[in-house]
Each structure stands twice: as C-alpha cells, then as structure tokens.
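What follows is the residue order along each chain.
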Amino acid sequence: MIDKTKAVAVDFETFYDEDCSIRDNTVVNYVTHPKFDCYLVAIYGEGISYVGHPAKFDWWKLEGRPILAHNASFDEWIYRFALAYGIWSGPELTWECTADMCAYLQYPRSLKGAVYACLGIEMDKSVRDGKMKGRGWDDIVAEGWDQEVLEYAERDALYCYKLWLDLSDRWPEGERKLSQMTRRM
C-alpha cells in the first residue's frame, strides 16, 4: 500500500496551438513537434511546492515518492522524454494517474469535472484556452499573464493531490497496476 501523504502531484504546461497539439497527435508526435515546448511545471505535495521551469527543478527531490498526474500518460511521457534527451536529469519515478482513479470510481475523468464532483469546487480553466493557447512562456510574460498562469498551474497540481488524498484508499492496487501497464503499452 502506498503512503498517500508521500505522494507528489506533477502537472506540466506545454505550448499548444492548432498545429502543435496533443488532441490530434500521439504523445510522441506532440513532444517531437518543432513548436513543442515544456515551459512550466507545478509540483505539490507534503513538504514540497514548486512552480517554474521544469529544467530548474531538482527532480532528485522526488526520488522514492509516488508521483501523481491527472492524465499521467501525458505528464509521465513528458518526464521520460526530457530524461531520455538530457533536458534534465532525475530518478526513475512511479506514476499514478488520478484521471484513471476517478474514472474507475465513476467520477468524471477531466480534472475540472472530478474536482467539482468530489470536492465541490468549480475550477476556472479559461486561463488555459484564453492566455496559454498559441503562446510560449516569453509571450505569457510579455503580455503580463505570468502570475495568473503560475497560479493556474499550481491549482491544477493542488487539486490533483487533493483528489488523491480523498479517493486513493478506494482505488484497488490491481486497478492501479492496470493503469500503469496500460500507459506503458
């Protein structure tokens, strides 16, 4: 059994637009697209909170801790891609997908839907579509939206962590393993 309080939520924010998007691509095609840029990560857990450029974070601080992501098939791949291409260094991490957990427990799969159904909190996702789409970090800073984007990312990681604390005891180990195996396929 996982000590749920040792878990750490990780949420990457990346460039996307009409041409460069995960929506119509595989993760591999997305992260190898010429426009792709992973410019921000939010990390939240007991004793740890970070929002900033992923290459500036000491990923070794997460060694031995279960890593949470809401749609881990995306965030885990970003992490593995960065390790493989020497963008940053860090340990091998074990990822848990809170979206899979929510789906198993019959809650909405989206973070926004799950947070509302489980925590009663209405999430505002307008920052993602209104201020991040088609913009890299330099653009976001130039337009004065950096603080708003940092807070948005931090909230996503925080709510992922809160979902884990509230629901993970009800997610059987066999289902967690199935989630991990399915992502590796």
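The structure presented is a predicted model; accordingly, all values stated were derived computationally and were not measured.

## Some thoughts on the packing of helix H4 (residues 111–119) against helix H7 (residues 146–167)
For any two helices packed against each other, one specifies the crossing angle of their axes together with the interaxial distance. In contact at an axis separation of 10 Å, H4 and H7 are set at 50° when each is read in the N-to-C sense. It follows from the interaxial angle that H4 and H7 lie oblique. Here the hand of the crossing between H4 and H7 comes out left-handed. Facing Leu111, Ala114, Val115, Cys118 and Leu119 of H4, the residues of H7 in contact are Asp156, Tyr159, Cys160, Lys162, Leu163, Asp166 and Leu167. For the contact of H4 with H7, the per-class residue count stands at nine nonpolar, no polar and three charged.

## As for the pairing of strand S1 (residues 8–14)
With seven of its seven residues buried, S1 lies for the most part within the structure. Note: S1 against strand S2 (residues 38–45), seven bridges, orientation antiparallel. For Phe12, the partnering residue across the bridge sits in S2 and is Val41. Pairing geometry for S1 and strand S4 (residues 67–69), over two bridges, is parallel.

## Remarks on the nonpolar core
For soluble globular proteins, nonpolar side chains are generally found buried alongside one another. Membership of the largest hydrophobic core comes to 31 residues, with the highest contact counts inside it found for Val10, Phe12, Ile43, Trp59, Leu62 and Trp95. Per-element tally for this core: the top contributor is helix H2 (residues 72–84), with six residues. By size, the runner-up hydrophobic cluster in this structure holds 29 residues, among which are Ala9, Leu40, Val115 and Tyr152.

## Here we look at the environment of Thr32
Residue position: Thr32 is located in the loop between helix H1 (27–31) and S2. Note on Thr32: relative accessible area 46%, which makes it partly exposed. Sequence separation between Thr32 and Phe81 is 49 residues; the distance between their C-alpha atoms is 9.3 Å.

## Remarks on the layout of surface pockets
For the largest pocket, the calculated volume is near 890 Å³. Ile22, Arg23, Asn71, Arg128 and Tyr152 are the residues nearest the centre of the largest pocket, which is lined by 31 residues in total. Elements represented by at least two residues in the lining of the largest pocket include exactly S1, H2, H4, helix H5 (126–132) and H7. Looking at which element gives the most residues to the lining of the largest pocket, the answer is S1, with five residues. Of the residues in the lining of the largest pocket, the class split is 12 nonpolar, five polar and 14 charged.

## Structural notes on the sheet that holds strand S3 (residues 48–52)
Ordered by their spatial adjacency, five strands build an open sheet running S3-S2-S1-S4-S5, and the pairing between neighbours is mixed. The open sheet has two free edges, formed respectively by S3 and strand S5 (95–97), since each of these has just one partner strand. Direction aside, neighbouring strands of the sheet carry axes that sit 25° apart on average. Each of S1, S2, S4 and S5 touches H2; the most contacted strand, S1, lies at about 80° to it. The strands that H7 touches are S1, S2, S3, S4 and S5; relative to S2, the one it contacts most, it runs at about 40°.

## Some points on the environment of Tyr161
With respect to the element layout, Tyr161 can be found in helix H7. Owing to a relative accessible area of 7%, Tyr161 belongs among the buried residues under this scheme. With 115 residues separating them in the primary sequence, Tyr161 and Glu46 have C-alpha atoms 9.4 Å apart. Discounting chain neighbours no more than four positions away, the residues touching Tyr161 are Lys4, Thr5, Ala7, Ala9, Tyr44, Gly45, Glu46 and Leu68.

## Observations regarding unusual backbone geometry
A positive phi angle, near 90°, is found at Asn71, a position not held by glycine. Its location among the elements puts Asn71 in the loop between S4 and H2. The backbone phi angle of Gln106 is positive, close to 70°, even though this residue is not glycine. Assignment of secondary structure puts Gln106 in the loop between helix H3 (98–104) and H4.

Procedures and definitions
- Residues numbered from 1 in each chain as written.
- Predicted model: local features only at pLDDT ≥ 70, side-chain atom pairs only at ≥ 80, totals over all residues.
- Heavy atoms only, no water.
- Axes fitted to C-alpha atoms, helices over the stretch in contact; angles between N-to-C directions.
- Helix = DSSP H or I, 4+ residues; strand = E, 2+ residues; numbered from the N terminus.
- Parallel < 35°, antiparallel > 145°, perpendicular 65-115°, else oblique.
- Left-handed = near helix turned anticlockwise from the far one by under 90°.
- Contact = heavy atoms within 4.5 Å.
- Nonpolar A, V, L, I, M, F, W, Y, C, P; charged D, E, K, R; others polar.
- Buried < 20%, exposed > 50% of the residue type's maximum accessible area, 1.4 Å probe, protein only.
- Pairing = 2+ DSSP bridges.
- Core = buried A, V, L, I, M, F, W, Y, C linked by side-chain atoms within 4.5 Å.
- 1 Å grid on protein atoms, 1.4 Å probe; cavity = no way out; pocket = protein on both sides within 12 Å on 5 of 7 lines; lining within 4 Å.
- Points joined across faces, edges and corners; volume = space filled by probe spheres on them.

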